[in-house]
Amino acid sequence: NPGATIGQTAGILNKSMKKINKINLFAILLIVLISLPPIQTLIKPGMFEAHDGRLHIIRLHWFDQELKSGQFPVRWSETANHLYGYPIFNFYYPGLYYSSELFHLMGLTLVDSMKLVLGLAFIGSGVAMYLFLRLWVGRFSAITGSILYIYAPFRFVSMFVTGRWAESLVFLTLPVAFLAAAKAGISGRKRHLLFGSLAYGLLILTHNVTSLLFTPILFLWTYLSKKQASLKEIALMFIGGLAVSAYFWLPAVYETRWTHQGQQPVYDVVNNFPPLKSYLYQAWGYGFSLNGTKDGVSPMIGFAQIAALLLSAIFVLFNKKFYSPAKILTIISFIAFFLMLKASIPIWNGFPIMKTIQFPNRLTAILVFGAAVAGSFAIETLPKLKIGWIKWIAGSGLIILAIYGNRNHFRPGVFDRYYDNDITGFYQLLFGVGNPSNEVTPIWSENLPPEYVDKAQVLLPKDNLSSPNIKIEELSLKNRNYKFAVNNKTKQTYGIRINTIYYPGWKIYVDNSIYSLNLPIKQSPDNKFGLINVNIPPGEHTLQIHWSETLLRNTADAVSIFALIFILLSLKQKQNNK
């Protein structure tokens, strides 16, 4: 009976699919369970101490203030820089703060919101890596790769030592971007290409340096593993990701020229090469990154990760059938390792743009990713040597080595905890600009302005900031929008200093007429802190200063909005067609 045969076959396939789904679900649950020990400290009340940890909470507090006051997208902090303002969010990875703010708006504290993002990112990174690897390799190989990705010293340094939490978050968006882009390249479906654009855009918004490092790797992997998608479609997918994130990266890239960071990197990469042996083993410490060999942060790659890369290198050299994208990734990983050695200094000097990375051991992210991916392909290839059980021994060995080798790394060095009330008020003013090196301070401003007194002051020739013949009445001092009534009873023009650091986007109006304020190009002896100065003629006048988007930022915002709307409408239309 043909009908009965077809029915029986369909039933068998249905049961098989359910069984496969159950097995994959079991694998995912296993990865989640293995991910839990390193994040136990996140469950405890309060936030653990890390180098930049408090700075992130302070920035999140500033971010929350600006978003609730109506600034979107958030670029400027009114509270930062000792109340003089600072364009910190115009340059710093917005993904960490938007995702944390989402939970804060739901009622969680700033500290708990950040901890939830870090915890979900850590667990999700292993799951995302597993799903990415399952496109090519079996479950056991994918689980091995996921654990190699989770249990890497570099990740615990970022989480518990340096507090580079945007770097912790990017380990989630990396495999998500590779998964989405790979599926798009394999299927060529419009839906997958659109998701690929969104995932790539999310990667850019998560961490500047890491997204820059991985963009050529992501493109190369997608192109080499493609089946149905054309090169044009893949290129358009990446352009879509650039468009979605344009509101952030386009102003950040262009406006860096106006900051101290844009003149020269804060840290000279030539002075930050750890010795070779420290990549293999260095005592785990909680000190700071220092020049030369006195670095208090361990730059270890990890024994399991090194073993996985060496295993994949063997297949690159002796197995022509080793998956070609995995071959390329292995080669790229070893190139990255060479660039982490002092012998590569001529290359760093030859390409000045590379110096924006500042710390060579940041390239360890490529090795962590490469070890997880190429290592899983190597494990999958082992049975082809006619020794089936070697796959299980090698994979289990890497898993044990990864977990055991990091057993003492997933805990903070200081057991004191802090809460929201420990970072607001005076403490956030103490930290000033929210970053230790003031790198995005405008070039026309010194690092720290004088003590903040009033929002507006009269400028007299002998720096006596008071005059009985000039009255300033504060009509409104809303966030990023100030209005004053100025009565100049003298017969000459006087300067009014607005105690807000100037940055493109501030507009000044005197009696509803735009006041031209030329963009400073360097520090001025008369205005060495780069504050807003306005000349007021005799008589009664209304002075208004407010923050707005520049033409470039408005254009970038529009590109991102239209790109996002186009992608979402296309996805909805695709869904309706089904």
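What counts and how
Residues numbered from 1 in each chain as written. Predicted model: local features only at pLDDT ≥ 70, side-chain atom pairs only at ≥ 80, totals over all residues. Heavy atoms only, no water. Helix = DSSP H or I, 4+ residues; strand = E, 2+ residues; numbered from the N terminus. Buried < 20%, exposed > 50% of the residue type's maximum accessible area, 1.4 Å probe, protein only. Lys, Arg positive; Asp, Glu negative; His and termini not counted. Salt bridge = Lys/Arg side-chain N within 4 Å of Asp/Glu carboxyl O. Polar contact = N/O pair within 3.5 Å; in protein donor to acceptor, adjacent residues only side chain to side chain. Pairing = 2+ DSSP bridges. Axes fitted to C-alpha atoms, helices over the stretch in contact; angles between N-to-C directions. Core = buried A, V, L, I, M, F, W, Y, C linked by side-chain atoms within 4.5 Å. Contact = heavy atoms within 4.5 Å.

(A) Layout of the side chain of Glu78. Following the sequence through the fold, Glu78 ends up in the loop between α3 (53–68) and α4 (94–105). Buried within the structure, Glu78 lacks any salt-bridge partner; its nearest side chain of opposite charge belongs to Lys455, at an N-O separation of 4.5 Å. There is a polar contact of 2.6 Å between the side chain of Glu78 and the side chain of Tyr482.

(B) Structural view of the pairing of strand β6 (residues 494–501). With 8 of 8 residues buried, β6 is to be regarded as a mostly interior element. Here β6 shows no split at all, with Tyr494, Ile496, Ile498 and Thr500 on one side and Gly495, Arg497, Asn499 and Ile501 on the other all buried. Across 4 bridges, strand β3 (residues 456–459) lies against β6 in antiparallel orientation. Looking across to β6, one finds that Leu459 is bridged to Gly495. Pairing of β6 with strand β9 (residues 531–536), which is carried by 6 bridges, proceeds in the antiparallel orientation.

(C) Here's a closer look at the sheet that holds strand β7 (residues 506–510). Spatial strand order, β4-β5-β10-β7-β8: 5 strands in an open sheet with antiparallel pairing. Two strands bound the open sheet, and with one partner strand each, they are β4 (470–478) and β8 (513–515). The mean inter-strand angle of the sheet, taken between neighbouring strand axes irrespective of direction, is 25°. Bridge count for strand β5 (residues 481–488) against strand β10 (residues 539–547) is 8 bridges, and the pairing is antiparallel. Across the sheet, residue Lys483 finds its bridge partner in β10, namely Gln544.

(D) Highlighting the environment of Leu29. Relative to the elements of secondary structure, Leu29 occurs in helix α1 (residues 2–35). With relative accessibility at 48%, the residue Leu29 sits in the partly exposed group. Sequence spacing of Leu29 and Val127 is 98 residues, and the spatial spacing of their C-alpha atoms is 8.8 Å.

(E) Region of the structure containing the pattern of salt bridges. One pass over the structure, following the stated rule, counts 9 salt bridges. Its salt-bridge partner being Arg75, residue Asp557 comes within 2.9 Å of it at the nearest N-O pair. Taken together, the positions of Asp557 in helix α21 (residues 551–577) and Arg75 in the loop between α3 and α4 put the pair 482 residues apart, joining distant regions of the chain. The residues Asp557 and Arg75 share a single accessibility class, namely buried. One salt-bridge network, in which partners are shared between bridges, spans Arg75, Glu549 and Asp557.

(F) Highlighting unusual backbone geometry. Pro73 follows Phe72 through a cis peptide bond whose omega is -5°. Mapped onto the elements, Pro73 comes out in the loop between α3 and α4. We note that His82 has phi near 55°; this positive angle belongs to a residue other than glycine. Overall, the relative accessible area of 24% leaves His82 in the partly exposed class.

(G) Spatial organisation of the nonpolar core. Judged by nonpolar contacts, the single largest core of 153 residues is most densely connected at Phe132, Trp165 and Leu543. Excluding residues that lie within four positions of it along the chain, Trp165 makes contacts with Met47, Phe48, Ala50, Gly53, His56, Ile57, Leu96, Met114, Leu118, Ser158, Met159 and Tyr418.

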